Amino acid sequence: MTQYNGSAYYLTGAKKLSLESFHIEEKPDHAIIRVYRGGICGSDVHYYFHGGNGNAVVREPMLLGHEVIGRVEKSPAGSLLHVGMKVAINPSLPCGQCEFCLAGVENHCKEMKFMGSAMRLPHVQGGFAQYISVEPERCIAYDDNASDEMMCFAEPLAVALHAVNQAPSLIGKRVLISGAGPIGCLIALVAQAAGASSVTAFDINANSRALALKSGANDVYDPASEALDLFRTAPGYFDIAFDASGAQPAVELAIATLRPRGTFVQVGNSKGLMPLPVMTILNKEITFKGSFRFANEFRVAVKWLESGKINPLPLLSSVMDSINMGEAIELAADKDKAAKIQLTF
Ligand code: ZN
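Reading guide: rules and limits
Residues numbered from 1 in each chain as written. Predicted model: local features only at pLDDT ≥ 70, side-chain atom pairs only at ≥ 80, totals over all residues. Heavy atoms only, no water. Core = buried A, V, L, I, M, F, W, Y, C linked by side-chain atoms within 4.5 Å. Buried < 20%, exposed > 50% of the residue type's maximum accessible area, 1.4 Å probe, protein only. Helix = DSSP H or I, 4+ residues; strand = E, 2+ residues; numbered from the N terminus. Domains from an automatic or database assignment. Contact = heavy atoms within 4.5 Å. Pairing = 2+ DSSP bridges. Donors = N, O, S within 2.8 Å, 3.2 Å for Na, K, Ca; no water. Tetrahedral: all angles 85-135°; square planar, octahedral: opposite > 155°, others 65-115°. Buried area = accessible area lost by both parts, 1.4 Å probe. Salt bridge = Lys/Arg side-chain N within 4 Å of Asp/Glu carboxyl O.

*Asks:* Is there a simple way to think about the nonpolar core in this case?
*Replies:* A general feature of soluble globular proteins is that nonpolar side chains tend to end up buried together. Ranked by size, the top nonpolar core spans 55 residues in total, and within it L157 and F242 carry the most contacts. Those elements giving two or more residues to this core turn out to be β12 (139-142), α4 (154-165), β13 (174-178), α5 (182-193), β14 (198-202), α6 (206-214), β16 (238-243) and α10 (297-306). Among the elements that make up this core, the one with the highest residue count is α4 (eight residues). Counting residues domain by domain, this core receives three or more from each of domain 1 (5-153 + 312-344) and domain 2 (158-290). Aside from chain neighbours lying at most four places away, what touches L157 is L186, V190, A301, W304, L305 and I310.

*Asks:* I'm lost on the sheet that holds strand β1 (residues 5-13) in this one. Help?
*Replies:* Strand pairing in a sheet relies on backbone hydrogen bonds. The paired strands run either parallel or antiparallel. The strand order β2-β1-β6 describes an open sheet built from three strands, whose pairing is antiparallel. Strands at the two margins of the open sheet, each flanked by one partner only, are β2 (16-23) and β6 (62-63). As defined by bridge partners, β1 adjoins β6 across two bridges and the pair is classed as antiparallel. Residue L11 lies in a different strand from β6, and its bridge partner there is M62.

*Asks:* Explain the coordination of the zinc ion here, please?
*Replies:* Octahedral metals with six donors have ideal donor angles of 90 or 180 degrees. Tetrahedral metals with four donors have an ideal donor angle of 109.5 degrees. Protein-derived ligands of the zinc ion are C95 (SG), C98 (SG), C101 (SG) and C109 (SG), with the metal-ligand distances lying across 2.3 to 2.4 Å. Each of the four donor atoms around the zinc ion contributes to a set of angles spanning 102 to 116°, which defines the coordination as tetrahedral.

*Asks:* Which parts of the structure should I look at to understand the pairing of strand β3 (residues 31-39)?
*Replies:* Side chains on a regular strand alternate between the two faces of the sheet. When you tally the buried positions in β3, you get eight out of nine residues, the bulk of the element. Bridge count for β3 against strand β11 (residues 131-134) is four bridges, and the pairing is antiparallel. Of the residues in β11, the one forming a bridge with I32 is S133. Where β3 and strand β7 (residues 68-74) come together, six bridges link them in antiparallel fashion. Note on β7: the bridge partner recorded for I32 is K74. In terms of strand pairing, β3 meets strand β20 (residues 340-344) through three bridges, oriented antiparallel. Bridged to G38 within β20 is L343.

*Asks:* Help me understand the domain arrangement of the protein in this model?
*Replies:* Frequently, the measure chosen for interface size is the accessible area that the parts lose on association. Domain boundaries in the protein define domain 1 (5-153 + 312-344) and domain 2 (158-290). One C-alpha centre belongs to domain 1, the other to domain 2; they are set 28 Å apart. Taken together, the contact pairs twelve residues of domain 1 with twelve residues of domain 2. Looking only at domain 1, the three residues that lose the most surface to domain 2 are P314, L315 and K335, adding up to 49% of its buried area. Linking domain 1 to domain 2 there are zero salt bridges.

Structure representation (C-alpha cells):
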C-alpha cells in the first residue's frame, strides 16, 4: 500500500509555524492529491501574524492555505477523477442540504467547511502540504497544458467573479476599484472582460497602483491626489464601485465618487465597526452590497484561467519553496515588495 507521508508547517499561534510530519489516512470516498503549488492569501497572512483571522482563533495546530492545485494521486471508486489529472482544489465544502445550499447560495452554508479555517473545531485543515485528502467534488480538473502559475489563481479569481456578480451588468459602465491588492486587481481584470467602459483604481501604495495598470485598470490614482476632485463633483462619476481595501477612508471616498443610483460592493474585510456616509447613500440612492467568498464561480474561474481569458500573472511576485513559508508570508504582507506569492511543495 502506498504511504502518503510528508512534513508540513502547522500554525500553532501568532508567528509560530511548526514543521511536523503527517500521515494521510486513506478514506474510500476521498481523493488524495499531490499538492504542488499554493497561493498565499491575505487571510493566511492574518492567521500567521495574529494567530487568527477575525473571530477565528487558532486553538489547535492548523495547516494554512486554500489556494492550491495539484495532481490526483488516488481517486475513489466511481469518481470521474483519474490518477494523474491536474486539479484546482475548491476550498469550500458546503453541506448541500441546508436552506442556503438548496437556494444555490452555498457560500452561506450553515455547515460550511472551508480549508485552512479555524472557525470550526476541529479546525478545517488547509492545503499547504505535499498531500491532502479531499472530497472528489472539491477537485476541478483542468487541461494538462494550462499554466500552473495561472491555475493557482482560481480561488482568488472566484472571489473577484463573485464580487462582480453582486453588481448589475458592467457593460458600458464606469467602474471604480478602491484597493488594488490581488483581489482588487483581479476585479479589474474581470471588469474589463465583463465590458466595463472604464476601470479606475485607487490605492495609497505606488506598487499596487502599478500592478493595477498591468491588470486591466485604465487609470490609477493615489486617494490623496487632488485630481480626484473631478470624480467627487456632483453628480459623481462612477456607476459601480468595489472596495477591496476594507479601509474606511477608501469606502467613504468610493461612495463620494458614485453617481446617483450607483452600486457599491464591499469585498475587502474590515476590522470592527466602520462609520459610513449614510446620508450620501440615502441622497444618491446608492445600493450597498456585501460580497462573501464565492459559490459556483469557482468552476467559472477555472475555465477562465484554463482558456487564458484573463491573465493574472502580473500579480505573481514570487514563487518560493514551502520550506521558507514564514519568510514567504512575511513577504506577502509587504505591499511595497509583493502582491501574490505562490509556494511550491
Ligand atoms: Zn449547507
